[in-house]
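# Topology and contacts: notes
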Amino acid sequence: MRTLVLTAWLLATAAPLFAQTAPKSDTLRHIEQKEVIVTGFPAVEGKTPVPVTTVRRQELEQGATFKELPNLLRMLPSMVTYTESGTDIGYSYVNIRGFDSRRESILVNGIPQNDPEDHSVYWVDMPDLASFSSNVEIQRGAGSAFYGPPAIGGSINIETFPSADRQFSFSAMGGSYGTSKIGLVANSGLIDGKYLVSTKLSQMHTDGYRDHAFFDTKSYYVSLARIDERSTLQFNFYGGPINDGLGYYGIYPADDARSNFVDRNLRKYNPTETGLSERRANEQESFSQPHYEMLSSYKLDDHLTLFNSLFYVQGEGFFDFDGTWPYVFGGSNSEAYHLTQVYGERYGFAGINDSSLGNELTRAWVGNKQIGWLPRLEFSHDDGMFTLGGEIRIHRSNHWGQVLYAEKLPQNLPVNYHYYEYNGGKDIFSGYLAERYGLNKDINLSASVQLIGQTYHYYNEQPIYLDSIHAAAEGLTAGFHSTSFDVPLFFANPRAGINVNLSDNATAFVSASYTSREPRLSDYYSAESLKLPNFNKKADSTFDFSSPKVKPEHLIDIEVGLRALDLDLDESWKFTGKATGYYMPFTDELLKTNQADLFGNSIVANAEKVLHYGLELEAGLQYSDAFAIKANMTLSHNEIKQFDSYSDTSSVVGKTPIGFPSIIANVSAIITPFKNLQVTLSGRYVGQMYGDIENTDYFRNNAYSVCDLTLSYRLDKIFGADHLTIRGQINNLFDRLYTSYVLADAGFFVAAPRNGFVSIELGL
């Protein structure tokens, strides 16, 4: 807190300097039109054959104070979000067309954010991202990004280009569940016709709706940019340490989640020696992951522009969690935590052999480092645009686990004894070619191909002992074993499409792509899972690390779309409509199964054939600046056609994969009854989905509908300030009781009942 106050004083002192900015120039106008620096691969209406939705800064501002960025996207087509805490702050997840973040490509300024090892995106490690985002573009469908992991459900690219407007503001927010937030923004505006400085600091806390679902963070964002006539250069530094209560398990059993809502904020599934209990108070996470970026563009001539992105990400932290679970599931905790005599002889302590050590508390620690370079060359010709680009990323990690506390621990146990430890890594090299070619002013052809070569590394594992019984069962030799392997992978992902302008306001497109994607490193093996490597055996019964059991997935995605934009119904009314159909047959799709790892994440396996297809409908109606209504609906069919590797094939063929609703619908009404007041009423409906692969009623998440209300009022030139903006938000306006997601062996994730927040922003 003192740091934020000191920073506020420094920024306030510097405010007069920000005022010494140049008047608007041609450079500034280019910035405002987003023509100077482009990150990622923005879709162009009327030219790009891809279903796309763009969220502008003005829309983000309405909800950035109250929500993490994923939850700001929940009203967009084919999007489903949920949080572990039950509110819109903390661990949040967003699915596109039913595919979770492991099957999406998430980028910030065109830089990949999916963890290279487990493919997930941890939005909490980029706290308050929405408040300094200038633009968010969502492209749905496979192969919609050339950097990072290949997109399957779609890609989300967030831009954080500094504001061209001078700004110095203070904001504060408070509301339900002990939620509070303060923030400071200082933007220089254009200095000397070429420099921009942008900073954002915030501090946030919430107790969360669920018990022990607190979330604390201090976030920062600093951006320095120079804009010249032919070049741009931007440096970004952002992140923030987080501390939160663990909530990766939902409520369990199902009856409590569905009917006993009185106690739903108090109970949490937690396997312990005595059965189910509430989460322990000392279970928590602490993590920090700063991001360093350098983005540049240089116009070599009137047709040729070179873009470069260099970045470095370093994250490290731990989470402490209940460690009594091996005993509950029939295991021996002393064996699970490598505290038996054979380990004692190796590491110098007196080993013990107890099924239960008594109230174990364990720590999982991870450290990540990633460096990357993303070059891109764009050639603008008379008939379109040719792009040549590449990607180089090097990722390394260290993982270890430790028993922090137990009632019975071996004598002389070293304080830094790790019951597992290993290093992971991934080397990624890719290149791509893309061409957008205009046959004439109404017909544009697009074609691209991406070639990806990558290698997983697993090494430096602390040796694990296999006794004669377990070793014999696996055909291995009894004794200490240390796993080390590399998994090289190569993919070619082509894509082609055509966009036809039917009129000045209507377009149609067709596209087809073939996309491949690799499993996670933990799908091959991870020491913390306490399972043997997932590889086939050689004739001598040793593991063949060139023959993994889990395989990459492959799919074909065919998209057909029709768009009618800004049709004038009369002098005041405008209509926009879009329709997109998709057909996505999979081979070896990596499906979530009923089994979960220690942290509630579903274990995946390859299903030989899975089919996904659907229809996305969008409509918008606007009356002048006073009223607008937006609506969208997704109807989909998701079916397992063949899953021979699953234990009971007959029980899953014809079933829906975990987490895929067949219907999603959203509608929002934005009303501006008079100047500076905006009222938004939104409603969403998400159809039923299943948390188990057999689609049993026990793990069925019922369909739900919910409405939210947001108000915003701005007063200009008040109290000597430039403006005062007051915002209010009521979530779950009609106090519906529902669960937003479910996973077998992880439980139901509940949403909070009616809750509200109020914020003020003072611009100086």
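Computed from a predicted model, the values in this text were never measured in an experiment.

### A look at the overall build of the protein chain
For the protein chain, the count of helices and strands is 10 helices and 41 strands. Here the protein chain holds 764 residues, and the buried ones make up 56% of them. Approximately 30800 Å² of the protein chain is accessible, and the part contributed by carbon and sulfur atoms is 57%.

### Details of the pattern of salt bridges
Once their charged atoms are close, side chains differing in charge can pair, the charge on each being opposite to the other. Applying the stated criterion across every chain, the model contains 29 salt bridges. Linking Glu553 and Arg103 is a salt bridge whose minimum nitrogen-to-oxygen distance equals 2.8 Å. In this pair, Glu553 is assigned in strand 29 (residues 553-568) and Arg103 in the loop between strand 3 (92-96) and strand 4 (104-108), connecting sequence segments 450 residues apart. Residue classification places Glu553 among the buried residues on the basis of a relative accessible area of 1%. Using a relative accessible area of 10% as the deciding quantity, one classes Arg103 as buried.

### A few points about the pairing of strand 8 (residues 167-175)
Pairing of strand 8 with strand 9 (residues 179-187) involves 9 bridges; the strand directions are antiparallel. In the sheet register, Ser169 faces strand 9, and the bridge partner there is Val185. Linking two consecutive strands that pair antiparallel, namely strand 8 and strand 9, is a turn of 3 residues; a positive phi of about 60° is found at Tyr177 within it. Where strand 8 and strand 41 (residues 755-763) come together, 7 bridges link them in antiparallel fashion. Within the sheet, the bridge partner assigned to Ser169 lies in strand 41 and is Gly763.

### Considering the nonpolar core
With 52 residues, the main nonpolar core has Phe321, Tyr337, Tyr458, Phe485, Val487, Tyr524 and Ala527 as its most contacted residues. When residues in this core are grouped by element, the largest group, 4 residues, is from strand 25 (residues 485-501). When neighbours within four sequence positions are excluded, Tyr337 is seen to be in contact with Gly323, Thr324, Trp325, Pro326, Leu357, Glu360, Thr362, Val403, Tyr417 and Tyr419. If you look at the next biggest cluster of nonpolar residues, it comprises 23 residues, including Val94, Val121, Leu129 and Tyr238.

### Observations concerning the packing of aromatic side chains
Under the criterion given, the structure shown has 36 aromatic pairs. Judged by centre distance (5.2 Å) and plane angle (5°), the rings of Tyr458 and Phe485 are stacked. On the criterion of sequence distance, the pair formed by Tyr458 in strand 22 (residues 443-459) and Phe485 in strand 25 is long-range, its members being 27 residues apart. Three or more aromatic residues joined by ring pairs form one cluster here, namely Tyr337, Tyr419, Tyr420, Tyr422, Tyr456, Tyr458, Phe485, Tyr524, Tyr525, Phe535, Phe543 and Phe545. The positively charged end of Arg97 is found above the aromatic ring belonging to Tyr582, 3.9 Å away from the centroid.

### Examining the side chain of Asn135
As for its placement among the helices and strands, Asn135 is situated in strand 6 (residues 135-140). At 2.9 Å, the side chain of Asn135 and the side chain of Arg56 are in polar contact.

### Some words on unusual backbone geometry
Phi at Asn109 takes a positive value of approximately 55°, unusual for a residue other than glycine. Tracing the sequence through the fold places Asn109 in the loop between strand 4 and strand 5 (111-112). Positive phi, close to 50°, is recorded for Asp566, a residue that is not glycine. With respect to the helices and strands, Asp566 occurs in strand 29. What makes Asp566 partly exposed here is its relative accessible area of 45%.

### Things to note about the sheet that holds strand 4
Strand order in the open sheet formed by 5 strands is 1-6-7-4-5, with mixed pairing between adjacent strands. Whereas interior strands pair on both sides, the edge strands pair on one side only; in this sheet they are strand 1 (52-56) and strand 5. Relative to strand 7 (residues 154-159), strand 4 runs parallel, the two sharing 5 bridges. Along strand 7, the bridge assignment pairs Leu107 with Asn157.

### Some remarks on the pairing of strand 38 (residues 721-731)
A large share of strand 38 lies buried, amounting to 8 of its 11 residues. Pairing between strand 37 (residues 704-718) and strand 38: 9 bridges, direction antiparallel. Its bridge partner being in strand 38, Leu709 is matched across the sheet by Ile730. Sheet topology note: the strand 38/strand 41 ladder contains 9 bridges and is antiparallel. Paired with Gly728 across the bridge in strand 41 is Val758.

### Notes on the environment of Thr483
Inspection of the secondary structure assignment puts Thr483 in the loop between strand 24 (479-481) and strand 25. Sequence separation between Thr483 and Tyr458 is 25 residues, and the spatial gap between their C-alpha atoms is 7.6 Å. When residues no more than four places from it in sequence are discounted, the contact partners of Thr483 are Tyr458, Tyr459, Glu461, Tyr525, Pro533 and Phe545.

### Brief notes about a nonpolar patch on the surface
Together, Tyr437, Leu439, Leu445, Ile498, Val510, Tyr514, Ile556, Ile558, Val560, Tyr583 and Tyr613 give the surface a local cluster of nonpolar side chains, amounting to about 900 Å² of exposed area. For the nonpolar patch, the elements supplying multiple residues, two or more each, are strand 26 (506-517) and strand 29. Of all the elements, strand 29 adds the most residues to the nonpolar patch, at 3 residues. Mapped onto the elements, Tyr437 comes out in strand 21 (residues 420-438).

### Quick notes on the side chain of Arg74
Take Arg74: it is sitting in the loop between helix 4 (69-72) and strand 2 (79-83). Polar contacts involving the side chain of Arg74 include one to the side chain of Asn71, which spans 3.3 Å. Only 2.7 Å separates the side chain of Arg74 from the side chain of Asp88, close enough to count as a polar contact.

### Brief notes about the environment of Ser651
Here Ser651 shows up in the loop between strand 32 (627-642) and strand 33 (663-671). Along the sequence, Ser651 and Glu694 sit 43 residues apart, while their C-alpha atoms lie 5.9 Å from each other.

### Focus: the environment of Arg684
Structurally, Arg684 is set in strand 34 (residues 677-686). With residues near it in sequence (within four places) discarded, Arg684 still touches Arg74, Met75, Ala665, Asn666, Tyr704, Ser705, Val706, Asp708 and Tyr738. A polar side-chain atom of Arg684 sits 3.1 Å from a polar atom in the side chain of Asp708.

Reading the values: rules and limits
Residues numbered from 1 in each chain as written. Predicted model: local features only at pLDDT ≥ 70, side-chain atom pairs only at ≥ 80, totals over all residues. Heavy atoms only, no water. Helix = DSSP H or I, 4+ residues; strand = E, 2+ residues; numbered from the N terminus. Buried < 20%, exposed > 50% of the residue type's maximum accessible area, 1.4 Å probe, protein only. Areas by Shrake-Rupley, 256 points an atom, 1.4 Å probe, with all protein chains shown as cover. Salt bridge = Lys/Arg side-chain N within 4 Å of Asp/Glu carboxyl O. Pairing = 2+ DSSP bridges. Core = buried A, V, L, I, M, F, W, Y, C linked by side-chain atoms within 4.5 Å. Contact = heavy atoms within 4.5 Å. Phe/Tyr/Trp six-rings, centres within 6.5 Å; stacked < 30°, edge-to-face > 60°. Lys NZ or Arg CZ within 6 Å of the ring centre and 35° of its normal. Polar contact = N/O pair within 3.5 Å; in protein donor to acceptor, adjacent residues only side chain to side chain. Patch = residues over 30% accessible without salt bridge, like charges linked within 9 Å, V, L, I, M, F, W, Y side chains within 5 Å.

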